[in-house]
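# Report on the structure
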Amino acid sequence: MSAHHDHRQPASEEVIYSTHSSHCGGACLLKVHVKDGVVARIETDDGADPQFRACVRGRAYRQRMYAPDRLLHPLKRVGQRGEGRFTRISWEEALDTLARELNRVRETYGPAAILFKWSGGDTSVLHNAMCHYKVLNMIGGCSDVWGTFSFDGGLFAELATYGTVDTGNTRDDLLNSRLIIMWGWNPSVTIQNTNTAWYLAQAGEAGIRIVSVDPRYTESNATFSQQWIPIVPGTDAAMLIAMAYVIIKENLQDQAFLDTYTVGLNHFKHYVLGLEDGVAKTPAWAEAITGVPAATIAAFAREYATATPAALIAGIAPGRTAYGEQYHRAAMVLAAMTGNVGVHGGSSGGRSWPTAGPTAYFSLGRGPKSPRNPVEADAPPRRNALPAFGVAMRRGQVNTAKMSDAILRGRAGGYPADYKLLYLVDTDYPNQYLDVNKAVRALKSLEFVVVFEQFTTPGARFADLVLPTCNSLEKNDIALDGATGFYGYMNKAAEPPGEARSHLQIGMDLAAKLGVADYSEHTEDGWLREIVKGSRDIADYDVFKKDGIHKLRMAEPFVAFKAQIEDPQNNPFPTPSGKIEIYSQRLADMDDPRIPPIPRYIETWESRRDPLAARYPLQLVTTHIMRRAHSQYDNLPWLRELQTQAVSVNSADAQARGINDGDMVRVFNDRGRMVIPARVTERIMPGVVDIPQGAWYDPDENGVDRGGCCNVLTRDEHSPGGAFCSNTTLVQVERI
Ligand SMILES: Nc1nc2c(c(=O)[nH]1)N[C@H]1C(S)=C(S)[C@@H](COP(=O)(O)OP(=O)(O)OC[C@H]3O[C@@H](n4cnc5c(=O)[nH]c(N)nc54)[C@H](O)[C@@H]3O)O[C@H]1N2
Ligand SMILES: Nc1nc2c(c(=O)[nH]1)N[C@H]1C(S)=C(S)[C@@H](COP(=O)(O)OP(=O)(O)OC[C@H]3O[C@@H](n4cnc5c(=O)[nH]c(N)nc54)[C@H](O)[C@@H]3O)O[C@H]1N2
Ligand SMILES: [Mo]
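Just so it is clear, the structure is predicted and the values come from calculations on it, not from any experiment. (Residues numbered from 1 in each chain as written. Chains lettered and ligands numbered in written order. Predicted model: local features only at pLDDT ≥ 70, side-chain atom pairs only at ≥ 80, totals over all residues. Heavy atoms only, no water.)

### Quick notes on the site of ligand 2
Around ligand 2, the surrounding shell holds 32 residues, and the nearest of these are Ser119, Thr427, Glu453, Ser631 and Asn711. Here an oxygen atom of ligand 2 sits 2.6 Å away from a polar atom, N or O, in the side chain of Thr427. At 3.5 Å, a side-chain N or O of Gln693 approaches a nitrogen atom of ligand 2. Against a free-state accessible area of 910 Å², the protein chains account for coverage of 98% of ligand 2. (Near = heavy atom within 4 Å. Polar contact = N/O pair within 3.5 Å; in protein donor to acceptor, adjacent residues only side chain to side chain. Areas by Shrake-Rupley, 256 points an atom, 1.4 Å probe, with all protein chains shown as cover.)

### A short note on the state of the cysteines
Considering all chains together, one arrives at zero disulfides under this definition. Cysteine Cys725 is unpaired, with the sulfur of Cys710 as its nearest cysteine sulfur at 14 Å. Residue Cys725 is classed as buried on the basis of its relative accessible area of 1%. (Disulfide = S-S within 2.5 Å. Buried < 20%, exposed > 50% of the residue type's maximum accessible area, 1.4 Å probe, protein only.)

### Comments concerning the layout of surface pockets
Estimated volume of the second largest pocket: approximately 470 Å³. Taken together, 21 residues form the lining of the second largest pocket, with Arg53, Ile191, Asn195, Ala197 and Trp198 sitting closest to its centre. The residue makeup of the lining of the second largest pocket, split by class, is eleven nonpolar, seven polar and three charged. (1 Å grid on protein atoms, 1.4 Å probe; cavity = no way out; pocket = protein on both sides within 12 Å on 5 of 7 lines; lining within 4 Å. Points joined across faces, edges and corners; volume = space filled by probe spheres on them. Nonpolar A, V, L, I, M, F, W, Y, C, P; charged D, E, K, R; others polar.)

### Thoughts on empty space enclosed by the protein
Counted according to the given criterion, the structure contains four cavities of 30 Å³ or more. By volume, the largest cavity amounts to about 160 Å³. Taken together, 18 residues make up the lining of the largest cavity; nearest its centre are Gly168, Asn169, Arg171, Ile313 and Ser347. Reported here for the second largest cavity is a volume of approximately 80 Å³. If you trace the second largest cavity, you find 14 residues lining it, with Gly234, Ala237, Thr321, Tyr323 and Tyr327 closest to the centre. Here the element with the most residues in the lining of the second largest cavity is helix α14 (residues 324–337); it accounts for three residues. Residue classes in the lining of the second largest cavity are distributed as six nonpolar, six polar and two charged. (Helix = DSSP H or I, 4+ residues; strand = E, 2+ residues; numbered from the N terminus.)

### Some details on the packing of helix α9 (residues 236–249) against α14
The interhelical angle for the contact between α9 and α14, taken along N-to-C directions, is 25 degrees, at an axis separation of 8 Å. In this view, α9 runs roughly parallel relative to α14, as classed from their interaxial angle. Seen from above, α9 lies across α14 with left-handed handedness. Here Asp236, Ala237, Leu240, Ile241, Met243, Ala244, Ile247 and Ile248 of α9 come into contact with α14, specifically with Gln326, Tyr327, Ala330, Ala331, Leu334 and Met337. Residue composition of the contact of α9 with α14, grouped by class: twelve nonpolar, one polar and one charged. (Axes fitted to C-alpha atoms, helices over the stretch in contact; angles between N-to-C directions. Parallel < 35°, antiparallel > 145°, perpendicular 65-115°, else oblique. Left-handed = near helix turned anticlockwise from the far one by under 90°. Contact = heavy atoms within 4.5 Å.)

### Quick word on unusual backbone geometry
Going from Asp49 to Pro50, the amide bond is cis rather than trans, its omega being -10 degrees. Tracing the backbone shows Pro50 in the loop between β3 (38–44) and α1 (56–59). A cis amide bond links Tyr429 with the next residue in sequence, Pro430, at an omega value of 20 degrees. Of note in the backbone geometry, Gln192 takes a positive phi value of approximately 40 degrees without being a glycine. Relative to the helices and strands, Gln192 is located in the loop between α6 (187–190) and α7 (196–205). Even without being a glycine, Glu606 presents a positive backbone phi close to 50 degrees. Structurally, Glu606 can be placed in the loop between α22 (585–590) and β21 (618–621). Of the residues examined, Glu606 reaches a relative accessible area of 2% and is grouped as buried.

### Description of the sheet that holds strand β16 (residues 465–468)
Strand pairing in a sheet is mediated by backbone hydrogen bonds. Such pairs are either parallel or antiparallel. Strand order in the open sheet formed by six strands is β5-β4-β16-β15-β14-β6, and the pairing between neighbours is mixed. Each edge of the sheet is formed by a strand with only one pairing partner; in this case those strands are β5 (86–88) and β6 (114–118). Within this sheet the neighbouring strands show an average axis-to-axis angle of 20 degrees, counted without direction. Pairing between strand β15 (residues 448–453) and β16: four bridges, direction parallel. What sits directly across from Val450, in β16, is Leu465. (Pairing = 2+ DSSP bridges.)

### As for the environment of Leu467
Counting through the fold element by element, Leu467 comes out in strand β16. Residues Leu467 and Ala94, spaced 373 residues apart in sequence, show a C-alpha to C-alpha distance of 7.8 Å. Leu467 has contacts with Pro74, Trp91, Ala94, Leu98, Val450, Val451, Phe452 and Glu453, leaving out every residue within four places of it along the chain.

### As for the nonpolar core
Core analysis: the largest hydrophobic core is formed by 61 residues, its most contacted members being Trp183, Met243, Phe268 and Met337. Tallying contributions element by element places α9 first for this core, with twelve residues. Core analysis: the next-biggest nonpolar cluster, separate from the first, contains 52 residues, Leu75, Tyr415, Ala417 and Ala439 among them. (Core = buried A, V, L, I, M, F, W, Y, C linked by side-chain atoms within 4.5 Å.)

### So, the environment of Arg395
By secondary structure assignment, the location of Arg395 is in the loop between α15 (374–377) and β13 (398–399). Taking the C-alpha atoms as reference points, Arg395 and Leu587, 192 residues apart in sequence, are found 20 Å from one another. In contact with Arg395, not counting residues within four places along its chain, are Trp118, Met130, Tyr133, Asp144, Val145, Trp146 and Arg382.

### Topic: the domain arrangement of the protein
Its domain assignment divides the protein into domain 1 (75–144 + 375–551), domain 2 (153–357 + 561–590) and domain 3 (611–735). Taking only C-alpha atoms into account, the centre of domain 1 sits 29 Å from that of domain 3. The interface is formed by 22 residues belonging to domain 1 together with 25 residues belonging to domain 3. Together, the buried faces of domain 1 and domain 3 total about 2000 Å²; carbon and sulfur atoms form 51% of this surface. There are two salt bridges connecting domain 1 and domain 3. With a shortest N-O distance of 2.8 Å, Asp716 and Lys438 are connected by a salt bridge. Ranked by residues supplied to the side of domain 1 that touches domain 3, first place goes to helix α17 (residues 436–445) with four residues. Here the side of domain 1 that touches domain 3 is composed, by residue class, of seven nonpolar, nine polar and six charged. (Domains from an automatic or database assignment. Buried area = accessible area lost by both parts, 1.4 Å probe. Salt bridge = Lys/Arg side-chain N within 4 Å of Asp/Glu carboxyl O.)

In structure tokens:
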């Protein structure tokens, strides 16, 4: 396993504490046994409660480090782009080539022709895409991409309703609830803050009722909840609005709360009661749309309104749909109608996964910062943009969902530039992006593609230059967990294999090559000390480094908007009205019927009622799976053994198609085709199929994907507020 380790250290065996934080939204303690410079074994937190225990991916990390397909040297393309044929080159040659191409493209077409895209990788403070972005901005800038993959519908709705994206409570506060609603939320698998599942387990033991609203009977549902309400994907806003109808009709709302803290209820009521369009949004109305029986909706509305405090945890997956912001807005309005905002045991109805957790109590010092991007600095405001201070992802003119379209069409297609050079860091384009076949065409049309990688991923295969990076245990860094009070020191446990380099090192090397002076004030250790020095929580850097973890002890759970609720006079909400905006004047001013000022149900494209459903009658959801963090870990045998990549099909749909469990099937639509095993199950509702996202795209000679990459089927569209619509897709499934 250690064949590529040239620098053998003196025989020794030690335990190093480090942190695993790999694009799953958690951070966990790794207890790493190192022998002769090689990681021999990985255990996890066995210290005092709360323990931050690693999941299967963290525990399998050793296999990722020493994987036989790990990239060890810089590579240069030799075959056609996408063919995947490369030759080894030196870093010197690689950096020369990269610097030359950056300069050529910048001088020939202007800096906007350089398109920079980054994503998660390891979610750490120092070694991330910022190291690259900074160099690019020091040589004139680049075009940036806006829109998170994860939750832009939620971000938009939070900004409209509450004026901030800090809408979440710490997870320990779930224990103060009487009812917890997991709405499109599966934290047993998706983590979304370390220990969330542990708090749910405790809630269950304490007798707190837990209900799941999801087209699938999830792992979280099986483990924690007492009731499963299956719902047609993309219709959640309709169910929430019908719940509001019941609450209004039966006078169950918290009127004092509404009077004090909100504006615009009457506009919403007008719509809900049907005074505006003649359609009362009754449970029967919603049943026809959502597939949820009217009696279930009515009973659930009564329960939510009376079992206070109740935590409506609005998952982000239902928001990754065509008009996803309407669902998020409706959840927040319902939380306000029931007086669940800003109180212990409640929930604002904001996203299930807060951006930085309750940032109010986290404190770290300053890490490397990029100067302003000259290309984007003076760009006109985007359509439908709301002010979002502190949310770095909101730069750029091209939405993530539209990247391929922008590359293919450029200025002629209405984009601000023609893109020639694609610079990819910590992301797997095309695999993770909507409409892979279109992304492949886009990749083939570019003049130059550089990818920073650890493996020859589907994305790396399309690069002209692939540069090897360190993984989590091969450099020092710091990680956080937003909603459970975790600071992790990511201690280096082994030397990088081959010639892999850290992102900061690459940034320094590239800056030097480009003649950029003053790129970095510090080395790795200097930066990490600086970052910790600025923290009010961590007193001693060396103790933190040695322990690998700093567990924050809070006097009580953090609850978003507590100050606004307890003392409204002195603490207005950061909205234009100072209140929770059920009706948003800012949205009204956008004058876009797709983003109405009150939450409304708007039927998605590719819904069950779309004429296209005659040919493609099944709705595809693309969920996040335990054995991967997106495309990461897909190549590890230990984790492959755990779960087979398959399309889940309800037994009624399977029977109608003559499909048995384990049969190979074809899944297709006009955008793409794949061949994949079927998993026939009652754990998904009829009419819906699931292909977990992240499996590696692997086309055969006919362009049919054999790897199970769901994005060969998805449509490259975003919602009007910016959501990546990975859960709005119609397909057909056939037995082969
Ligand atoms: N193991 C693992 N954990 C991860 C990740 C990973 O790849 N692997 N990725 C991380 C990242 S970056 C993110 S953004 C999060 C993603 O976290 P989520 O978006 O919450 O995860 P999903 O699995 O996509 O969806 C959660 C649930 O929503 C349901 N769902 C889908 N569409 C709808 C709908 O229209 N309505 C309703 N009611 N339910 C729906 C799905 O069936 C699923 O059970 O997870 C993070 N955690
Ligand atoms: N259909 C569909 N598509 C989806 C989603 C969905 O639900 N459905 N989810 C979307 C969401 S929420 C997200 S966040 C995106 C994620 O999309 P990406 O962020 O693109 O996915 P990752 O697989 O995490 O890709 C990270 C890549 O960075 C590489 N890498 C390079 N350097 C480093 C390093 O230093 N450390 C580490 N750890 N890795 C490095 C890894 O090897 C890996 O290939 O996918 C989106 N795509
Ligand atoms: Mo994400």
